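A structural walkthrough
Below are the chains, spelled out letter by letter.
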Amino acid sequence: MKISEIARLAGVSPAAVSRYINGGSLSEEKRQIIKKVIDETGYVPNLTARSLRQQRSDSIGVIVPKFNSDSVSNLIEGVSSVLNKAGYMAIFGNAENDEKREIEYMRMMQESNTAGILLMGTVITPKHVGFFRNSKIPVVVCGQNHPSVTCVYHDDKGAAKEITRFIISKGRRRLAFVGAVETDVSVGINRRLGVEEAMSEAGLDPNELAHAQVFFTADDGYKGMNEILDGGFTPDGVICATDTLAVGAIRALKERGLTVPDDVSVGGIGGGMAGTIITPALTTVQLFHRKSGERGTQLLLTLIDQQREHPDEKLPITQTMFGYSLIERDSV
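Since the structure is predicted, the reported quantities are computational estimates derived from the model, not experimental observations.

Calculation rules
- Residues numbered from 1 in each chain as written.
- Predicted model: local features only at pLDDT ≥ 70, side-chain atom pairs only at ≥ 80, totals over all residues.
- Heavy atoms only, no water.
- Helix = DSSP H or I, 4+ residues; strand = E, 2+ residues; numbered from the N terminus.
- Buried < 20%, exposed > 50% of the residue type's maximum accessible area, 1.4 Å probe, protein only.
- Contact = heavy atoms within 4.5 Å.
- Areas by Shrake-Rupley, 256 points an atom, 1.4 Å probe, with all protein chains shown as cover.
- Lys, Arg positive; Asp, Glu negative; His and termini not counted.
- Charge placed at Lys NZ, Arg CZ, Asp CG, Glu CD.
- Salt bridge = Lys/Arg side-chain N within 4 Å of Asp/Glu carboxyl O.
- Phe/Tyr/Trp six-rings, centres within 6.5 Å; stacked < 30°, edge-to-face > 60°.
- Pairing = 2+ DSSP bridges.
- Axes fitted to C-alpha atoms, helices over the stretch in contact; angles between N-to-C directions.

A count of helical and extended segments in the chain gives 12 helices and 12 strands. Oriented by its inertia axes, the alpha-carbon framework of the chain measures out at about 75 × 40 × 30 Å. Evaluated residue by residue, the chain yields a buried proportion of 50% over its 332 residues. Once local pairs closer than 6 in sequence are excluded, the contacts in the chain between residues at least 24 apart make up 71%. For the chain, the accessible area works out to roughly 15800 Å², and carbon and sulfur atoms hold 49% of it. Computing the positive centroid from 37 side-chain charges and the negative centroid from 40, the chain places the two 7 Å apart.

Below, the discussion takes up the pattern of salt bridges. Side chains carrying opposite charge are able to pair once their charged atoms draw close together. Evaluation of the coordinates by the stated rule reveals 15 salt bridges. In this structure, the salt-bridge partner of glutamate 96 is arginine 101, at a minimum N-O distance of 2.7 Å. The exposed category is assigned to glutamate 96, whose relative accessible area is 52%. For aspartate 219, the salt bridge goes to arginine 251, with nearest N and O atoms at 3.3 Å. Pair noted here: aspartate 219 is in helix α10 (residues 218-230) and arginine 251 is in helix α11 (residues 243-255), with a separation of 32 residues, a long-range link. For aspartate 219, a relative accessible area of 53% corresponds to the exposed category. One salt-bridge network, held together by shared partners, links Lys157, Lys161, Arg165, Glu197 and Glu201.

A few words on the packing of aromatic side chains. With the rule as written, the count across this model stands at 1 aromatic pair. Centre to centre, the rings of phenylalanine 67 and phenylalanine 92 are 6.3 Å apart; their planes meet at 70°, and the pair counts as edge-to-face. Of this pair, phenylalanine 67 sits in the loop between β1 (59-64) and α5 (70-86) while phenylalanine 92 sits in strand β2 (residues 89-94); the two residues are 25 residues apart in sequence, bridging distant segments of the chain. Of the residues examined, phenylalanine 67 reaches a relative accessible area of 38% and is grouped as partly exposed.

Mapped onto the elements, isoleucine 34 comes out in helix α3 (residues 28-41). Considering only alpha carbons, one finds isoleucine 34 and valine 285, 251 residues apart in sequence, at a separation of 45 Å. The residues touching isoleucine 34, leaving out its near neighbours within four places in the chain, are Ile6, Ala10, Val12, Ala16, Val17, Tyr20 and Leu26.

Let us now look at the sheet that holds strand β10 (residues 283-287). Pairing in this open sheet of 6 strands is mixed, and the strands run β7-β6-β8-β9-β10-β12 from one edge to the other. Either end of the sheet is taken by a strand with one partner, and the two such strands are β7 (210-214) and β12 (324-327). The average angle at which neighbouring strand axes cross in this sheet is 15°, direction not considered. Of the strand pairs in this sheet, strand β9 (residues 265-270) and β10 are connected by 4 bridges, and their pairing is parallel. Bridge pairing in β10 links glycine 267 to threonine 283. Across the sheet, helix α9 (residues 185-201) touches β6 (175-180), β7, β8 (237-240), β9 and β10, and the angle it forms with β6 is around 165°. The strands that α10 touches are β6, β7 and β8; relative to β7, the one it contacts most, it runs at about 150°.

So, about the environment of alanine 281. By the secondary structure assignment, alanine 281 is in the loop between β9 and β10. On a C-alpha basis, the gap between alanine 281 and valine 332 in space is 9.3 Å, while along the polypeptide they are 51 residues apart. Other than its neighbours up to four places away in sequence, alanine 281 contacts Gly275, Arg329, Asp330 and Ser331.

On to unusual backbone geometry. Omega for the bond connecting valine 260 with proline 261 falls within 30 degrees of zero, at 10°, which places this linkage in the cis form. Locating proline 261 in the fold gives a position in the loop between α11 and β9. One non-glycine residue with positive phi stands out, namely glutamate 96, at about 55°. Here asparagine 97, not a glycine, exhibits a phi torsion of approximately 55°, which is positive. Here asparagine 97 is to be found in the loop between β2 and α6 (99-111).

All right, on to the side chain of lysine 66 then. Among the structural elements, lysine 66 can be located in the loop between β1 and α5. Look at lysine 66: it is buried, it has no salt bridge, and the nearest opposite charge is aspartate 220 at 7.1 Å. Ignoring any residue separated from it by four or fewer positions in sequence, one finds lysine 66 in contact with Val72, Asn94, Asn97 and Phe216.

And the structure:
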């Protein structure tokens, strides 16, 4: 179906339909008529043709560390909901937790004339910073905080403090932390610091925290928990850097004959699906990944518009932090 056919069905000019599609000036009456016809016919604009006519790109590059993760899935839902409403198409890159591949994707997306890039960051290296500063297109990072680029991130330290305080409030004193690799500042370092700060506030010595540093799968959580137990330390409270790690940690504890939560309280961070399908259900801290995806995309589209309107001006850099919410279930 062509614009001319939509115009004929709506009883308006093709120019009016074009203005509607491209967000131009139009009376509310005509806007509603055209919207009704488009909704009824299921018409989808040809974004490629529109981009060529306007000499602008209507595609956004979205780079994620991996797809098989609750946090990534929720973020993508938020990104897609905003892009769909704005008439943009997403081009996805799966970096497979490889920081070099992230750089390659960003360079490729810039060279292929995408309008902007949304990076779900795990590691921010000097090469990342160099790209951010020299990029010809706007970039927004979700999940990490860095002063050289616009970021949307979570209060990772606060979330870890919250779950640790809750576990301590149940009388737990021998604490262990199944943490993530510390090349990931938000998940690996900030969440560990949150655990340690909560211990200090409760009069516990953070140096006595049993700590395993692993990657991000349930098998890694299982490995990390066994590493702590094999070291001769039997905790009565375990904090895990993610819900997925907590799933593996609970399996390891059960295999050692320890019951959750009677012998050991276990808490996670994230609030994803993983914690709802295990027994006992996981007490966790909810992070708002979908909302961060929505907000990050909105900021990116704003930066794209600003660059188009004022191509010679330097784009502003903003930092947006999302909070968290404790979810009490059966594992504590």
